[in-house]
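Read off the chains here:
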Amino acid sequence: MAIIDVLSEREMIRFILFLRDGDRRESEFRTIINSHYKVRDMLTELEETGIAERVLKRERGMWYSLTPRGRRLADDLRTSIDSFEKGVQKESSESVDSL
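Predicted model only: the values in this text are computed from it and were never measured.

Note on strand geometry: in a regular strand, side chains alternate between the two faces of the sheet. As judged from the 6 bridges shared by strand 1 (residues 52–57) and strand 2 (residues 61–66), these two strands associate in the antiparallel manner. In the sheet register, L56 faces strand 2, and the bridge partner there is M62. Between strand 1 and strand 2, which pair antiparallel one after the other, the connecting turn spans 3 residues, and E59 there sits at a positive phi close to 60°.

With that settled, consider the packing of aromatic side chains. Per the counting criterion, the structure on display carries 3 aromatic pairs. Seen in terms of ring centroids, F18 and F29 are 5.3 Å apart; in terms of plane orientation they differ by 80°. Their pairing is edge-to-face. Placement of the pair is F18 in helix 2 (residues 12–20) and F29 in the loop between helix 2 and helix 3 (36–48), with a sequence separation of 11 residues. In this structure, F18 and F29 share a single accessibility class: buried. Taken together, the ring pairs in this structure connect F15, F18, F29 and Y64 into an aromatic cluster.

Another aspect to go through is helix 2. Owing to its 3.6 residues per turn, the α-helix brings residues three or four apart onto one side. Along helix 2, the residues that are buried comprise M12, F15, I16, L17, F18 and L19. A positive phi of about 145° marks G22, the residue just after helix 2.

This part covers the pattern of salt bridges. Taken as a whole, this structure holds 9 salt bridges when the rule is applied. Across the pair R10 and E11 runs a salt bridge whose closest N-O atoms are separated by 3.6 Å. By relative accessible area, which is 66% here, R10 ends up exposed. For E11, the salt bridge is made with R14, and the minimal N-O distance between the two is 3.2 Å. Judged by relative accessible area, R14 falls into the exposed class, the value being 55%. It is possible to trace a salt-bridge network through shared partners that takes in R10, E11 and R14.

Conventions and cut-offs
- Residues numbered from 1 in each chain as written.
- Predicted model: local features only at pLDDT ≥ 70, side-chain atom pairs only at ≥ 80, totals over all residues.
- Heavy atoms only, no water.
- Pairing = 2+ DSSP bridges.
- Helix = DSSP H or I, 4+ residues; strand = E, 2+ residues; numbered from the N terminus.
- Phe/Tyr/Trp six-rings, centres within 6.5 Å; stacked < 30°, edge-to-face > 60°.
- Buried < 20%, exposed > 50% of the residue type's maximum accessible area, 1.4 Å probe, protein only.
- Salt bridge = Lys/Arg side-chain N within 4 Å of Asp/Glu carboxyl O.

Okay, structure coming up:
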């Protein structure tokens, strides 16, 4: 599956950014999507594309973590989103100033 297909899936960018903040259990993703099956499918896609991986932590069970490739993608997404939001805020304040 191409990365554009993965990113275009609803809520996938949220999953990636959620993992950017640290390793997560599968159940934690249900704060984004309240469907066990959909969460599992999306995490499987992230694994298959090399963005995330399952990590077994002793006594704490199975967790999901970003791969180095996934970390770069997450950082780039965060930078792009922040840049876009700053531009929107700047344009908004400029339009108010011109009134």
